Each structure stands twice: as structure tokens, then as C-alpha cells.
Amino acid sequence: MAYDKFTVLKSSAVPMPIENVDTDQIIPARFLKATKREGFGDNLFRDWRYNADDTPKADFILNNPIYSGKILVGGKNFGSGSSREHAAWAIYDYGFRCVVSSFFADIFKNNSLNIGILPVTVSAGFLDKIFSAIEADPNTELEVNLPEQTITILATGEQESFEINSYKKHNLMNGYDDIDYLQAMKEDIKGFAEERIY
Amino acid sequence: MSNLPKTLFDKVWDAHVVRKIQDGPDVLFIDRHFIHEVTSPVAFLGLENRGLKVMFPEKTFATADHNTPTINQHLPVQDPLSANQLKALEVNSAKYGISHWGLGNPKNGIVHVVGPENGITLPGMTIVCGDSHTSTHGAFGAIAFGIGTSEVEMVLSSQCIMQPKPKKMRLVVNGKLGKGITPKDVVLYIISKLTAAGATGYFVEFAGEVFENMSMEGRMTVCNMSIEMGARGGMIAPDETTFNYINGREKAPKGEAWDKALAYWKTLKTEEGARFDAEHIYDAADIEPMITYGTNPGMGMGISQHIPLAEQTGGSKASYEKSLNYMGFHEDDAMLGKKVDYVFIGSCTNGRIEDFRAFASIVKGRKKADNVTAWIVPGSHIVEQQIKDEGILDILTEAGFQLRQPGCSACLAMNDDKIPAGKYAVSTSNRNFEGRQGPGARTMLASPLVAAAAAVTGVVTDPRELL
């Protein structure tokens, strides 16, 4: 297994009602100097989270103890910008297994799926409902059910379905990754390569 | 397969599908895999942990660019983390038999500059790299896009990647560009119209008179920024301009292989009547020199305009205000006359010889403004040599500018070329996100002509006044 299986996640959520959160904010470039996947959770949203002297910024959501959970809820166009997979690692290593938004940037969405984070796309209206529910009660629990492809605000029962590619869904539910799949078709690939004109 | 007319994108994609997964992504064969020091170390570690080898080292090309200093490259790299990554790239390349152009190698430079200039990038190829500006290579009629580190590991171990086939968008620009208006302005204009997420889920084809008349380097600038409109990648059909550029370059096919390749390349165009999922048409006459005023590449405008009011932008008012606050700008401000502290010319967007010729055309006979610090960074040693051979270095020196050494440099400021907090930079790079060029840095993206004009006047200036 490449990562822990994902089936049903029931958890409170951290709200981040900011649009266009780009991957330079999620993990600034100076942290891309790593040669191992370590310490990324500590550096998640580093420059929004900490002052230059490393003291936590009081008004940043991750530093507010009333919010916690394995789900991050973001404004539209979450994860835009650079392809750095380190952004997804930072989110996973901090402790989030699911990100909810009304719109995800493509490369970030792919990177997340590849490492075991489930990106859940909901309608703009449902996203607002989630933010309102959390604002009213920071302990609001969401249930993300991957087999059923639903996300539910447990207190009210309001629910929406989400889309996910069935191949990615299969992998997530089993903790598999693409590399395992591709190694199994090595001979086909080598045969294909021989036909190329380059 | 039906007999419906195909787009350029369809032709190249379909020719590379090794297997179609039921209800899943396509397994796409990759012709060229570029790697650099930032996104490859963990991928190689992953290979080792799984006990796998690199399947096709000869289709893999390594260069050091993101983390490298742009002065004193002959000295040991100061920053230990950077030095570590550079060493890892060198060691991994040697271990697996991968071509490696490290610091000091005469072919070293920014990955998306060195691929094309050495004839490694060719029409009809699929090309990936752990860097979002891989879309640059689409200028040759290739399907080229950025990937994450796990996908780097995937391509190293199987020479394939899993991708669902994106939707197709065509962006047409007709007419002729006015004087002082460059390919960089064309792409900034398009992004300002589409927004930074406007092409998400699509692969873009750029078409129309403006692109047919554009040089290869100009096409590379445009395709480079496809990602900034949210597209998976962007491409331009290859033509005589493309073939003439490639002919004779070191890794390009020769003799019989050239003839065979050329015959294939001539088939690489969108057929009459082929369907796109979306299309937008623009007129060159509407494009003036552009400059960005906010914190994403879509927040750009004509240089003579005023910063839009929040309600004119159609997005969240709070996010817009946060952005303008960060930049220290206000609604309805003019950009002309705004003070400039730093000018950066370089990056995979505008770090090629034509960009330096453009810069020189404005600074010739003039002097760098006293209040401006300028970083002039060639995209590769080959470009650096051309700058010297063409006498551009003399023009730069005469005007009070210094030429640095190749690297990604201030585009993302992983090395020491960081813009200090609160300072304003006119930059020929591709992203103006908060803190991109240094914590608190305030970036205005623009063309080499706008950058040159700012460098000699010390304020945001319409370059057409100096031409």
C-alpha cells in the first residue's frame, strides 16, 4: 500500500474561505530544497502561519485551536499555480486527508489524488453552507463517504454528491498507486517504445 | 475510431496511448522526460525504495536550474540545502546513465530553454517535467505539461504517465501586432480576458495570424504561460518556422531520419472542421503593452489603463482588496509612473536571445536609472554566449548593466536573487503571487521591452515612447 486506504471519513473541518489559494502559499519555494519527504507538515502555509521570527500569527486559522480536523475547506481555485507536489505532501503530512472546495486547480488535484488526499468538489452553494455551518459551530462534523461519493453535514443531514474518476477511486479505496499498476504492464510499454519514430 | 476531423492535440495524444483504462485515464507514453534538482531527488529515492530502475535513461535529460546561484558559479554553492539537491541530481544521473548538464557545463541552463535550443524538443512528441512551465515545449507542436514528483517517479520507472484526456480549447488571435507589442503581451492579454482559472481542464491550441507570424522564441513565451490561464498545456502547430529552427541543432534528427520526421511533422495540424470544446477569438489591434497590478497573472491590463474597480472584475471583493493591499496599489490608479526598485529579465518565459535583443534595443545609448537594481539573467550558457557574440553585452555594460549567469533566479527566488519585502519589481517572469520573488516582494509582470523601459526611467513606462 502506498498510503492509508480511504473509505469513509468523519471529521470536523478547518475553514479557509480564501479564493485562489496558490501553491506558493501552501508551501513556499524555499522548502522545495528538501531531498526527503520530511517536515512538510510543519511548513504548511508557513508564511501565513508564522511571523519572520517564527512566532505564530494569532489571526491565522491553523493557529486557532477552536478549529481542527482531517478536512480542509477552501475557497474556489484551490491549489493554483506551480506543479509542486510538495503542496499536497504538506497538506497530507499536517494531517488533512480531504480538501473540499468548489473548484480545484488541475495539477494540484492530480497530485493530491496520487498521494492519498481526496479532493471533493462541491457546488458554490454547498460550499457556502459548509462555511456557515462551521462558523456557527466550529465542531461541525462532515462525513465524506468515498464509496457512495457523498459529503454530508452531519448536524443537518444536508448532503451533496461529488464526482471522482472511478480508477482513482479504486486506487484510493485500496491504498494503491499508479506505479504499481504500470509496473505490471512493463512488457507492453517496451513493445510500444520500439514502434516510436524517435 | 471515427473518421471525424482531428485536432492537432488529438493526433499527438492518440498516437501515444499505450492502453486506455476502462472508465479511467489513458496510459500515455512519454518521448522526453526533463528532470531538474528540485523535483527529482524524492522521485529517485522512491525508485530505490521500490527497487526499480529507470526504464529509458536515453529519453531522460537532466539540468540544474532552480536552485543555482547566478553569480560565481565556479565557486562551491553556499546554501547547503541547494548544494545537496544539486549533488543528488549529479549522483542520480550518473547512477542511472542519464545525460546531465550541471553547473558549469557549457550546455547548462533553464530546462525549458536548453531542451529546444539543443534540438531535444521536437514536434509530435509528448514531453513532461516536474515543473509547471513544461508547457513551453508545446510551441513545437508537442504535448508538453508539468507533473508532480510522484509522476516523475512514474515516468522514470515506466516511461508512461496516467492522464485522463483533457478537453480542447482553441485561442485564436488574428491581425498583426503593433510596434512595441510582443508575444509576452499577447499571452498576458489573453490571461487577463480568460482569468487565471479560465482554461482549467482544457488543453489549449493557439492559432491565427499572430502565431503564424511569430518566431519560435515568441511561441515559447506564449505556450510557457498556458499554465497561468489554468490550462494543462498549450501548443502551436509546427510549420516552416518550426522546421527551420530545429534543422541542424545537435540532437535533431539528421539525414534520412530528418526526412522521415519532417514528413510526419507536416501532418501535424488541426483538420478543417475539427471540433473544440471551447474557442475564443481575439484581435491583435486590441493588444497594447501589458503589465500586471495584482497577485495572480490574470490581474493584468494595458499599460496605459487604470486599475479596475472591484465590481468590474467579477470575483470576490475581499480577495481583490487583499491583493491590491499587498501590492500597495488602489482601484483606479494609473500604472504609468509607478516607481520601480528592481528589474528582472530572464526566466523560461523571456530568457532567450530575442528577449535580450529587445531589452538592448531600448537601453542602447541610455543609462540604467540610479534607483533601479537590475538582474539580467540569460536562460542558458548558449544564450549567454550569443549575448556576447552579438555585441549585446557591450550595450548592456555601456548602459550600466551587469550580465549574470544562467538559472531560474528571481523568477521564484529559491537562490539568493530575492526581491526585498515591499520593493517593486518589473519582471519578465511568469508569476506575481504574494511572496513569489521573495517574502513581501511586489511583482509586476511584463515584456522585456516594458522591463527595459522601467530599467532606464526608474518608473513604469510605455516602451513605445522609447522606441
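Note that the coordinates shown come from a computational prediction; the quantities given were computed from them, not determined experimentally.

1. Details of the overall build of chain A
Reasoning step 1: In terms of helices and strands, chain A carries eight helices and seven strands.
Reasoning step 2: Its C-alpha atoms give chain A a radius of gyration of 18 Å, within 12% of the compact-globule value 16 Å for 198 residues.
Reasoning step 3: With the principal axes as the frame, chain A shows a C-alpha extent of 60 × 45 × 25 Å.
Reasoning step 4: The 198 residues of chain A split such that 58% are buried.
Reasoning step 5: Once local pairs closer than 6 in sequence are excluded, the contacts in chain A between residues at least 24 apart make up 66%.
Reasoning step 6: Just so you have it, chain A exposes about 8,300 Å², and 46% of that area is on carbon and sulfur atoms.
Reasoning step 7: Between the averaged position of the 20 positive side-chain charges in chain A and that of its 29 negative side-chain charges there is a distance of 4 Å.

2. Topic: the side chain of B:Q159
Residue and element names in this part refer to chain B.
Reasoning step 1: Relative to the elements of secondary structure, Q159 occurs in the loop between α5 (149–158) and β8 (160–163).
Reasoning step 2: Taking relative accessible area as the criterion, Q159 reaches 1% and is therefore assigned buried.
Reasoning step 3: Among the polar contacts listed, one links the side chain of Q159 to the backbone oxygen of I30, at a separation of 2.7 Å.
Reasoning step 4: For Q159, the residues in contact, after removing those within four places along its chain, are L28, F29, I30, D31, M55, F56, K59 and M154.

3. A closer look at the packing of aromatic side chains
Reasoning step 1: Applying the stated criterion across every chain, the model contains 23 aromatic pairs over all chains.
Reasoning step 2: Judged by centre distance (6.5 Å) and plane angle (20°), the rings of A:F104 and A:F108 are stacked.
Reasoning step 3: Of the residues examined, A:F104 reaches a relative accessible area of 4% and is grouped as buried.
Reasoning step 4: Members of the aromatic cluster, connected to one another through ring pairs, are A:F45, A:W48 and A:F60.
Reasoning step 5: It is B:K59 that lies over the ring of B:F56; its NZ or CZ is 5.5 Å from the centre.
Reasoning step 6: Against the face of B:Y245 rests B:R249, its NZ or CZ located 3.8 Å from the ring centre.

4. Here's the deal with empty space enclosed by the protein
Reasoning step 1: Following the criterion strictly, the structure yields two cavities of 30 Å³ or more and no others.
Reasoning step 2: Of the voids in this model, the largest cavity is the one considered here, and its volume is about 240 Å³.
Reasoning step 3: As for the largest cavity, its lining consists of 25 residues, and the residues nearest its centre are A:S82, B:H66, B:D131, B:L412 and B:R436.
Reasoning step 4: Among the residues forming the lining of the largest cavity, the class breakdown is eight nonpolar, 12 polar and five charged.
Reasoning step 5: Forming the walls of the second largest cavity are A:Y3, A:L113, A:N114, A:K168, A:N171, A:Y176, A:D177 and A:D178.
Reasoning step 6: Secondary structure elements with two or more residues in the lining of the second largest cavity: α4 (106–115) and α6 (166–174) of chain A.

5. Concerning the packing of helix α13 (residues 353–363) of chain B against helix α16 (residues 448–457) of chain B
Residue and element names in this part refer to chain B.
Reasoning step 1: Here α13 crosses α16 at 35°, and the two axes come no closer than 8 Å. Where α13 crosses over α16, the handedness of that crossing is right-handed. From α13, D355, A358, F359, S361, I362 and V363 reach across to α16, where they touch P448, L449, A451, A452, A453, A455 and V456.
Reasoning step 2: Of the residues assigned to the contact of α13 with α16, the class counts are 11 nonpolar, one polar and one charged.

6. Comments concerning the pattern of salt bridges
Reasoning step 1: Under the defined criterion, the tally for this structure stands at 35 salt bridges over all chains.
Reasoning step 2: Note that A:R30 is salt-bridged to A:D47, the shortest N-O span being 2.7 Å. Here A:R30, found in the loop between α1 (23–26) and α2 (46–49), pairs with A:D47, found in helix α2; they are 17 residues apart in sequence, far enough to count as distant.
Reasoning step 3: The residue B:E321 makes a salt bridge to B:K317 at a minimum N-O spacing of 3.8 Å. Taken together, the positions of B:E321 and B:K317, both in helix α12 (residues 317–327) and four residues apart, correspond to about one turn of that helix.
Reasoning step 4: Its relative accessible area of 48% is what places B:K317 among the partly exposed residues.

7. Examining the confidence of the model for chain B
Reasoning step 1: Overall, the prediction assigns chain B a mean pLDDT of 95, with 100% of residues at 70 or greater.
Reasoning step 2: Prediction confidence for the complex, expressed as pTM and ipTM, is 0.83 and 0.87 respectively.

8. Overview of the sheet that holds strand β7 (residues 143–146) of chain B
Sheets are built from strands paired through backbone hydrogen bonds, the pairs being either parallel or antiparallel.
Residue and element names in this part refer to chain B.
Reasoning step 1: Taken in spatial order, the five strands of this open sheet run β5-β4-β3-β6-β7, and their pairing is parallel. Two strands lie at the open edges of the sheet, namely β5 (99–101) and β7, each paired on one side alone. Averaged over all pairs of adjacent strands, the angle between their axes in this sheet comes to 20°, without regard to strand direction.
Reasoning step 2: Pairing geometry for strand β3 (residues 32–35) and strand β6 (residues 126–129), over three bridges, is parallel. In the strand pairing of β6, F34 is matched with C129.
Reasoning step 3: Along the sheet face, α5 touches β3, β4 (60–63) and β6 and points at about 130° away from the line of β3.

9. Here we look at the nonpolar core
Reasoning step 1: Ranked by size, the top nonpolar core spans 112 residues in total, and within it A:F45 and B:F359 carry the most contacts.
Reasoning step 2: Here the element with the most residues in this core is α16(B); it accounts for eight residues.
Reasoning step 3: In this structure, A:F45 is in contact with A:M16, A:V21, A:Q25, A:I26, A:F60, A:L62, A:L72 and A:F78, ignoring residues within four places of it in sequence.
Reasoning step 4: Counting residues in hydrophobic clusters, the runner-up holds 100 residues, among them A:Y167, A:L182, B:C160 and B:I161.

10. Some words on the environment of B:N247
Residues and elements named next belong to chain B.
Reasoning step 1: Mapped onto the elements, N247 comes out in the loop between α9 (240–246) and α10 (255–265).
Reasoning step 2: With a relative accessible area of 49%, N247 lands in the partly exposed category.
Reasoning step 3: Taking C-alpha positions, N247 is 37 Å from T195, a pair spaced 52 residues apart along the chain.

11. Overview of helix α3 (residues 80–96) of chain B
Residues and elements named next belong to chain B.
Reasoning step 1: With 17 residues, α3 extends 24 Å between its outermost C-alpha atoms, agreeing within 8% with the 24 Å of an ideal straight helix rising 1.5 Å per residue.
Reasoning step 2: Buried positions along α3 lie against β3, α2 (41–50), β4 and β5.
Reasoning step 3: Following α3 by one or two positions, G97 has its phi on the positive side, about 75°.

12. Here we look at the interface of chain B and chain A
Reasoning step 1: Across the boundary between the two partners, chain B contributes 67 residues, which contact 49 residues of chain A.
Reasoning step 2: Roughly 4,900 Å² is buried in total at the junction of chain B and chain A, and carbon and sulfur atoms are behind 60% of that figure.
Reasoning step 3: Looking at the side of chain B facing chain A, the largest losses of area belong to B:R19, B:R50 and B:M162, adding up to 10% of the total buried there.
Reasoning step 4: Between the two partners, chain B and chain A, sit five salt bridges.

Calculation criteria
Residues numbered from 1 in each chain as written. Chains lettered and ligands numbered in written order. Predicted model: local features only at pLDDT ≥ 70, side-chain atom pairs only at ≥ 80, totals over all residues. Heavy atoms only, no water. Helix = DSSP H or I, 4+ residues; strand = E, 2+ residues; numbered from the N terminus. Rg over C-alpha atoms; globule rule 2.2 N^0.38 Å. Buried < 20%, exposed > 50% of the residue type's maximum accessible area, 1.4 Å probe, protein only. Contact = heavy atoms within 4.5 Å. Areas by Shrake-Rupley, 256 points an atom, 1.4 Å probe, with all protein chains shown as cover. Lys, Arg positive; Asp, Glu negative; His and termini not counted. Charge placed at Lys NZ, Arg CZ, Asp CG, Glu CD. Polar contact = N/O pair within 3.5 Å; in protein donor to acceptor, adjacent residues only side chain to side chain. Phe/Tyr/Trp six-rings, centres within 6.5 Å; stacked < 30°, edge-to-face > 60°. Lys NZ or Arg CZ within 6 Å of the ring centre and 35° of its normal. 1 Å grid on protein atoms, 1.4 Å probe; cavity = no way out; pocket = protein on both sides within 12 Å on 5 of 7 lines; lining within 4 Å. Points joined across faces, edges and corners; volume = space filled by probe spheres on them. Nonpolar A, V, L, I, M, F, W, Y, C, P; charged D, E, K, R; others polar. Axes fitted to C-alpha atoms, helices over the stretch in contact; angles between N-to-C directions. Left-handed = near helix turned anticlockwise from the far one by under 90°. Salt bridge = Lys/Arg side-chain N within 4 Å of Asp/Glu carboxyl O. pLDDT = per-residue confidence, 0-100. Pairing = 2+ DSSP bridges. Core = buried A, V, L, I, M, F, W, Y, C linked by side-chain atoms within 4.5 Å. Expected span 1.5 Å × (residues − 1). Buried area = accessible area lost by both parts, 1.4 Å probe.

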